[in-house]
Amino acid sequence: MEGTKEEFLKEFGEDYGYPNAPKNIDEMRSSEFKRLDGLVYLDHAGATLYSESQMESIFRDFTNNVYANPHSQSDTSAATTDIIRAARQQVLDYCNAHSDAYKCIFTSGATAALKMVGDAFPWSKESCYMYTVENHNSVLGIREYALNHEAAALAVDIEEAVETGGSDNRLNQTSVNMIQHPVQRRVFPGQVPNSTQSGTVYNLFAFPSECNFSGTKFDLNLVNVIKKYPGRVLGNSPFCRGQWMVLIDAAKGCGTQPPDLTLFPADFAILSFYKMFGYPTGLGALIVRTEVAGLLKKIYFSGGTVAASIADIDFVKRREGIEEWLEDGTLPFLSIASIHHGFKIINTLTISAISRHTKALATYTRRMLLNLRHANRAPVCVVYERGISKVSFWDKGPTIAFNLKRPDGSWFGHREVEKLASLSGIQLRTGCFCNPGACSKFLGLSHSDLLANIEAGHVCWDDFDIIHGKPTGAVRISFGYMSTFEDAKIFISFIMSSFVSNKSLSEDLQQTKMGSFQREEGMKRSKPLADTYLESIIVYPIKSCGGFTVDSWPLDGNGLRYDRQWLLKSTSGEILTQKKVPEMSLIKTSINLLEGTLVVESKRCEEKLQIPIQQNSCSVLRVEIDLYGHRYDVSGYHNDVNVWFSKAVARPCTLLRCLGPASRQLVNKNSRIRGCRVQTKLNFANEGQLLLVSKESVADLNTKVASNTHGMNHEPKKIYHVYPMRFRPNFIISGSEPYAEDKWRSLYIGNVYFTSLGGCNRCQMVNVDVQEEQLQRSKEPLATLASYRRVQGRILFGILLKYEESINQGEEQAVEARVQVGQKVCPEID
């Protein structure tokens, strides 16, 4: 199914690997991208990678030459000016743009170039900003300028071309079908309706050379159609009058196919250099037609953009050169000097060879994805692309957007795919990729769907990947000039091993219905429940810091008393956690109930810190913070406490204590009522009051970790031993069968009653091991857990518990509820 390299080369050998370049693809990868060993990088649409020789050339250049601020007459400044002039010409040559017809404006990025067009465009009340639905947010943002100038905004879909006869199927003035969405206008107080103005009306049409969501390449002859025949495209639209200008967003497409501005004379073209050759970042270019530049209305002036100005009267004389009055301040001349070394790589390989190479990999991978089938023959992958027919003008770039389906037709969440890919050493992108139009179009999301998703709390880059049974985003992979067949092969193998089911649909449904990771016959061999007992109790006073073990400990309405009742907050307001500050786990904590103190210590601090735990020991400062979407009343401490913790975590922070736990609704995944929510009081815990882990389950996990060989390039197998404390449990039990806790609906520890809320979703923090006060990272145990403990996108290990305070009080309210090591664990099984 996966295919061999020999079969791949038989079909794509003439296009793959740069056979005519000084180095073929394998030699290039081994010498120029050694940092990719053990890593598959498939996010070149986000940012491609710089090569080692490229950076070495830049370093030699900077160490052998003196580059100075170009706004001077010195020799070094003049030399820098020459470098900038040569760089402008190199950019124009890349897009086949004659220097008489076009000028190159350097910007701080592609977004800044688009903003410059929107800000300076000669908008009027009769202007129209038309743009394709499939556009990056940075292009959509120009709409704000148009609407604020009382102009109209119009989104359009470009559909399949219609056959018009002849052998040339290229898009022309009669073959494009443009579907118009409702006109958008912004009404202002006192606005005069249907007002007209004298003079020429200027309109702007924007489209991408390549869609950054789907990889669809738009026919650049749209430029000629819109500029010459707007009436034939827009029909009876009132926006046919006036002069149409065209903007090509080539930020994504310029890495494999730059626009030819001689054949397709757009008025504006946008480039991004880090998407072409990885470095420098923070530098883009706006290529503008010379005759159009004079129409731009730039208001702000700055250093370098004026020939003269007077400070105390309204006088400014702007420079005449287009580049000089459009580029604000001192140019990033070192970044501009760097692009020469990037272009050298492209020119050596040739852009046509790069295009063929990346397209070969994308075509092969796309085909393999579409051919994947589950055991019941249901398709695994839905690829988001335009249909290609013999009369179509669409082409495809080296980008593939897709989602994956289970055998029953339900969706795998894109965040699940991203998490598992990362564990397998594969870097890809998920979400909508800042292209909301293409995302909603390909995913079939209506306006009501989008608004409902927002109402449900969904925003960009969150974990809400499936809402109401529909995906909110997609998975995207994209190839670059240094990508290899092996990258594609490893990726396809990952999809097959992680998402293709070899079981029948009835087996999959039965496993889901059971909600268990064990076979039924395995459950029947369980040991007597009387053998199960509480082996360890661990309390974590400060969220994400180290915990301490005790033989006995009291409980209250929030779980174990003082458990996660404190946290650290950065000076910027961010809550510090192990995910971002793993060193927090090295801070040791303990509580002395008799003395009433919280004791903390760190290797970075000479003295231990003792903090009274009485509520009045906090400072008078009381504030509210937001955590997990809930408001908490907290109190801070005096400066000496904050100085100690700032030193311990090597960043400024403050210690806060929870004064009143939040009452949060958590999903009880063990409830017979699907999706049942329970009201729970929590301090600063993530998902539940308490976490229980079985010693036998950990032992079984270690057996599986030892039997697996992870990593790529046939690395030697590494033996990892996982200790229960890696999962930060509150309770460690012993004496049950592995994973027996998955079936527990509730349990008694001694005479204390707890409800199970179901499995705990694990993240990559379990891969950080603290040994001898040193942090060690690996892909284990999460990689192994993902291979057999994955349900509906969640990797589960251990169970979450809720302490049932009202049930435990009963008639003995005066008796303090406690748990103690050695007590029997008596579960109620589902």
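Please read all numbers here as calculations on a predicted model, not as lab measurements.

Quick look at the UniProt feature "modified residue: N6-(pyridoxal phosphate)lysine" (unreviewed entry) in the protein now. Sites flagged by UniProt as "modified residue: N6-(pyridoxal phosphate)lysine" (unreviewed entry) map to Lys275. Among all residues touching Lys275, those that are not within four sequence positions of it are Ala45, Gly46, Thr48, Ala251 and Gly255. Here Ala45 takes part through its backbone oxygen, which lies 3.4 Å from a polar atom of the side chain of Lys275.

Right, let's get into the UniProt feature "active site" (unreviewed entry) in the protein. If you check UniProt for "active site" (unreviewed entry), the listed places come out as Cys434 in our numbering. Note on placement: Cys434 falls in the loop between β17 (429–431) and α16 (436–443). Accessibility expressed as a relative area gives 32% for Cys434, which makes it partly exposed. Every residue in contact with Cys434, bar those within four places of it in the chain, is listed here: Asn135, His136 and Asn137.

Counted residue by residue, strand β25 (residues 566–570) has five buried out of five residues, so it is predominantly covered. For β25 and strand β31 (residues 653–660), the ladder comprises five bridges, and the chain directions are antiparallel. Across the sheet, residue Trp566 finds its bridge partner in β31, namely Arg657.

This brings us to the sheet that holds strand β29 (residues 622–627). Read from one edge of the open sheet, four strands run β25-β31-β30-β29, paired in antiparallel fashion. In this open sheet, the two strands that pair with only one neighbour each are β25 and β29. Looking at each pair of strands side by side, their axes are set apart by 50 degrees on average, direction ignored. Packed on one face of the sheet, helix α21 (residues 639–649) meets β25 and β31 and runs near 120 degrees to β31.

On to helix α3 (residues 52–64), then. Here α3 spans 18 Å end to end across 13 residues, near enough to the 18 Å set by a 1.5 Å rise per residue. On its buried face, α3 sits against α10 (274–277) and α13 (333–349).

The next subject is the nonpolar core. Residues Val91, Phe106, Met130, Phe213, Phe273, Phe402 and Phe491 are the most contacted members of the largest nonpolar core, which totals 133 residues. Residues within four places of Val91 in sequence aside, it is in contact with Cys104, Phe106, Leu271, Phe273, Ala285, Ile287, Ile339 and Phe343. Formed by 48 residues, the second largest nonpolar core is a distinct cluster that contains Val581, Ile587, Val641 and Leu747.

Quick look at the side chain of Ser746 now. Residue placement: Ser746 occurs in strand β36 (residues 744–749). Look at Ser746 and you get buried, because its relative accessible area is 2%. A distance of 3.2 Å separates polar atoms of two side chains, one belonging to Ser746 and the other to Tyr753. A distance of 2.6 Å separates a polar atom in the side chain of Ser746 from a polar atom in the side chain of Glu828. With sequence-adjacent residues up to four places away left out, Ser746 is seen in contact with Tyr753, Phe754, Thr755, Ser756, Pro827 and Glu828.

Counting buried positions along helix α15 (residues 414–423) yields seven of ten residues, so the element is predominantly enclosed. Turning to α15, its buried residues number three or more, namely His414, Glu416, Val417, Lys419, Leu420, Ala421 and Leu423. Phi turns positive one or two residues past the end of α15, at Gly425, with a value near 75 degrees.

Attention shifts here to the confidence of the model for the protein. Chain-level pLDDT for the protein is 86 on average; 86% of the residues reach the 70-or-more range. Taken as a whole, residues 512–528 scores under 50 in pLDDT and shows 18 contacts with residues more than four places along the chain or in a different chain.

Thresholds applied
- Residue positions are counted from 1 within each chain, in the order its sequence is given.
- Per-residue local features are limited, in this predicted model, to residues with pLDDT of at least 70; the limit for side-chain atom pairs, both in listing and counting, is 80 or more; totals at the level of whole chains, interfaces and linings are taken over all residues.
- Excluded from the side-chain calculation are hydrogens and water; included are all heavy atoms of the structure.
- UniProt positions are given in the numbering used here, feature names are shortened, and annotations may be inferred rather than shown by experiment.
- Contact definition: two residues touch when any of their heavy atoms are within 4.5 Å.
- For this analysis, a polar contact is any N or O atom pair within 3.5 Å, provided that within protein one partner can donate a hydrogen and the other can accept it, and provided that sequence-adjacent residues contribute only side-chain to side-chain pairs.
- The secondary structure listing takes helices from DSSP runs of H or I that are at least 4 residues long and strands from runs of E that are at least 2 residues long, numbered from the N terminus.
- Exposure is judged per residue with a 1.4 Å probe applied to protein chains only, and the accessible area is read against the type maximum: over 50% gives exposed, under 20% gives buried, and values in between give partly exposed.
- Strand pairing requires that DSSP identify at least two bridges connecting the strands.
- Interaxial angle, 0 to 180 degrees, is taken between N-to-C directions of lines fitted to C-alpha atoms, where a helix line uses only the stretch in contact.
- Helix span, expected: 1.5 Å multiplied by one less than the number of residues in the helix.
- Residues belong to one nonpolar core when they are buried, are Ala, Val, Leu, Ile, Met, Phe, Trp, Tyr or Cys, and are joined through side-chain atoms within 4.5 Å.
- Summary of the metric used: pLDDT quantifies the predictor's per-residue confidence within the range 0 to 100.

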